[in-house]
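Below are the chains, spelled out letter by letter.
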Amino acid sequence: MNPGCPILATPLSLGWETANLNSTQPSAISTGYNVVSVSSLIPSPAPPYRGRLAPSPTGCLHLGHARTFFAAFQRAHAADGTLVMRMEDLDPDRSRTEYADAALEDLRWLGIHWHEGPDVGGPYAPYAQSQRNPIYLAAWRRLVQRGFLYPCRCSRKDLAVALSAPHESANSGQDPLDDEPVYPGTCRPAQIQMQPTANDMQPEGCNWRFRVPDGEAIEFNDLNLGPQRFIAGVDFGDFVVWRRDSKSGPPRTGLRPWGVGVPSYQLASVADDAAMAITEVVRGADLLKSTARQILLNRALGFSNPSWFHCHLAVDHQGRRLAKRHDALSIRTLRQRGFTPADILSTDLPIEA
Ligand code: GLU
């Protein structure tokens, strides 16, 4: 086994990204769904390709991850670009250092290499999300300052009850390809005040939601799957950007300060993609709707959008998308059964969970 995902001694990088986030002034002009910086109005060469691998260490990686991560590796390689390994270990209940170590080892065994990461360092360290809280807190504050967020005191139980009640909207139930049901709006205020003094605020004590612009079509061109379109408030609702603390004890990885809650995947992902100067995001098609949410977050924060390349999801022979429950299809298990990297990456491999 590799040493895995050590806690880096490097101090937190508080470079341009944090300085930029602490400003209350929009740093870009918003034109529809894309945010174009003033300097980009003058033709300039495209920034060098920077892609990322972003595993969540909540279980063993499976065959679907192998193929998506390999696609990310190939695209970075073809562009002669830089590939970043970012460990998305924000979930304090489910992230485990053993899984982070196993992910790095499995991906290397597949022949995937990265230029920056928790194990090799790099200019945007640290590369484990559990060590990047100041960056997420700065993004949260900027969103509060600009009037995009509201506190939500609904419990999981409240939401389950609200969502199981009959609704007029056909979209009020949970989408099987998405992780978050459309929020019924229980805590949503009619209007959100801007909070110029949010610099002193902390997100602790409640969840915080992003108020989506109801009815707005969020469109983007996916480099693999083509044009995409989602309607805010219909295909997805007000989403959580910061969760209050889990009750089950301190985080099991990283140095996350205990007490201020946890940024959501959506917030951490856009804050990190911007801070790490990522130009293209390659990930599974289950995250298409998250891309629509992240376009709204990028616009609200004044960040440019990267390009997106969403990969088809691997499914088992019953047509179910692979999940960490498919132990038999974990890269680990397939290795033990004698499969080679070429077998695993071949689309012909029979899938039997
Ligand atoms: N950490 C996420 C996952 O494992 C990937 C998120 C992303 O690529 O944006 O599903």
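Not measured: the values here are computed from a predicted model. Every chain is numbered on its own, with residues counted from 1 as its sequence reads. The predicted nature of this model means local features are confined to residues of pLDDT at least 70 and side-chain atom pairs, given and counted, to a pLDDT of 80 or more, with totals for whole chains, interfaces and linings taken over all residues. Just so you know, side-chain values use all the structure's heavy atoms and leave hydrogens and water out.

Quick notes on the overall build of the protein chain
Part 1: A count of helices and strands for the protein chain gives 9 helices and 12 strands.
Part 2: Residue exposure (1.4 Å probe, protein chains only): buried if accessible area is under 20% of the type maximum, exposed if over 50%, otherwise partly exposed. Taken over 353 residues, the protein chain has a buried fraction of 51%.
Part 3: What sets the accessible areas is the Shrake-Rupley method with a 1.4 Å probe; for residues, cover comes only from the shown protein chains. Looking at the protein chain as shown, the accessible area adds up to about 16,200 Å², and 55% of this sits on carbon and sulfur atoms. Secondary structure follows DSSP: runs of H or I at least 4 residues long count as helices, runs of E at least 2 residues long count as strands, and numbering of each begins at the N terminus.

Some words on the sheet that holds strand 9 (residues 239–243)
Adjacent strands of a sheet pair through backbone hydrogen bonds, lying either parallel or antiparallel.
Part 1: Any two strands with at least two DSSP bridges between them are considered paired. What the 4 strands build is an open sheet, ordered 5-6-9-10; its pairing is antiparallel. Sheet topology places strand 5 (149–152) and strand 10 (262–263) at the edges, where each strand pairs with a single neighbour.
Part 2: Pairing between strand 9 and strand 10: 2 bridges, direction antiparallel. Each bridged residue has a counterpart across the sheet, and for Trp242 the counterpart in strand 10 is Pro263.
Part 3: Its contacts with the sheet put helix 4 (residues 133–145) on strand 5, strand 6 (207–210), strand 9 and strand 10, and the angle it makes with strand 9 is roughly 130 degrees. Contact criterion: two residues are considered in contact whenever any of their non-hydrogen atoms come within 4.5 Å of each other. Axis definition: a line fitted to C-alpha atoms, limited for helices to the stretch in contact. Angles are taken between N-to-C directions and run from 0 to 180 degrees.

Some thoughts on the pattern of salt bridges
Part 1: By convention in these notes, a salt bridge is any Lys or Arg side-chain nitrogen within 4 Å of a carboxyl oxygen on Asp or Glu. By the definition in use, this model includes 17 salt bridges.
Part 2: The partner of Arg52 in a salt bridge is Asp273, with the nearest N and O atoms 3.0 Å apart. Here Arg52 is found in strand 3 (residues 50–53), whereas its partner Asp273 is found in helix 6 (residues 265–275), with 221 residues between them in sequence. Residues Arg52 and Asp273 agree in their burial class; the two are buried.
Part 3: Here Arg332 and Asp106 are joined by a salt bridge, their closest N and O atoms 2.9 Å apart. One end of the pair, Arg332, is in helix 8 (residues 331–336); the other, Asp106, is in helix 3 (residues 97–109), with 226 residues separating them in the sequence.
Part 4: Through salt bridges with shared partners, one network takes in Arg52, Arg86, Glu88, Arg132, Asp272 and Asp273.

Focus: the pairing of strand 3
Part 1: Neither face of strand 3 is exposed, since Arg50 and Arg52 on one face and Gly51 and Leu53 on the opposite face are all buried.
Part 2: Note: strand 3 against strand 4 (residues 82–85), 4 bridges, orientation parallel. Each bridged residue has a counterpart across the sheet, and for Leu53 the counterpart in strand 4 is Met85.
Part 3: We call a crossover right-handed when, viewed with the strands running away from us, the connection from the first strand over the helix to the second turns clockwise. The β-α-β motif built from strand 3, the intervening helix 2 (residues 63–78) and the parallel element strand 4 has right-handed crossover chirality.

Section: the nonpolar core
Part 1: Residues belong to one nonpolar core when they are buried, are Ala, Val, Leu, Ile, Met, Phe, Trp, Tyr or Cys, and are joined through side-chain atoms within 4.5 Å. With 46 residues, the main nonpolar core has Trp140, Phe210, Phe236 and Val241 as its most contacted residues.
Part 2: With residues near it in sequence (within four places) discarded, Phe210 still touches Leu143, Phe148, Leu149, Asp238, Phe239, Val241, Leu296, Leu297 and Ala300.
Part 3: By size, the runner-up hydrophobic cluster in this structure holds 31 residues, among which are Leu61, Ala72, Leu83 and Cys311.

A short note on the confidence of the model for the protein chain
Part 1: The score called pLDDT rates the predictor's confidence residue by residue, from a low of 0 to a high of 100. On average, the protein chain scores 81 in pLDDT, and the residues at 70 or more come to 76%.
Part 2: Within the model, the stretch residues 1–38 combines pLDDT values under 50 with 84 contacts to residues more than four positions away or in other chains.
Part 3: Below pLDDT 50 for its whole length, residues 166–177 participates in 14 contacts with residues either more than four positions away or in separate chains.

Section: the packing of aromatic side chains
Part 1: Pairing of aromatic side chains here covers Phe, Tyr and the six-membered ring of Trp, requires ring centres within 6.5 Å, and sorts the geometry by plane angle: under 30 degrees stacked, over 60 edge-to-face, intermediate tilted. One pass over the structure, following the stated rule, counts 7 aromatic pairs.
Part 2: Residues Phe210 and Phe239 carry aromatic rings whose centres are separated by 5.1 Å and whose planes lie at 20 degrees to one another, so their mutual orientation is stacked. Within this pair, whereas Phe210 is found in strand 6, its partner Phe239 is found in strand 9, the two being separated by 29 residues in sequence.
Part 3: Cluster of aromatic residues (ring-pair linked, three or more members): Trp140, Trp208 and Trp242.
Part 4: In this scheme, the term charge over a ring applies when either NZ of a lysine or CZ of an arginine sits within 6 Å of the ring centre and within 35 degrees of the ring normal. Here the basic side chain of Arg209 rests over the ring of Tyr183, its NZ or CZ set 3.7 Å away from the ring centre.

Some thoughts on the site of the ligand
Part 1: In these notes, residues near a molecule or strand are those with any non-hydrogen atom within 4 Å of it. Around the ligand, a shell composed of Arg52, Ala54, Ser56, Glu88, Tyr265, Ser269, Arg283 and Leu287 is seen.
Part 2: Think of a polar contact as two N or O atoms within 3.5 Å of one another; within protein, one of them needs to be a possible hydrogen donor and the other a possible acceptor, and neighboring residues in sequence only count if both atoms come from side chains. Within the contact set of the ligand, an oxygen atom lies 2.7 Å away from a side-chain nitrogen or oxygen of Arg52.
Part 3: Between the ligand and Tyr265, the relevant distance is 2.7 Å, taken from an oxygen atom to a side-chain nitrogen or oxygen of the residue.
Part 4: Taken by itself the ligand offers 300 Å² of open surface, and the protein chains cover 81% of this.
Part 5: Each residue gets one label: Ala, Val, Leu, Ile, Met, Phe, Trp, Tyr, Cys and Pro are nonpolar, Asp, Glu, Lys and Arg are charged, and the others, such as Gly, are polar. Here the shell around the ligand is built from residues that sort into 3 nonpolar, 2 polar and 3 charged.

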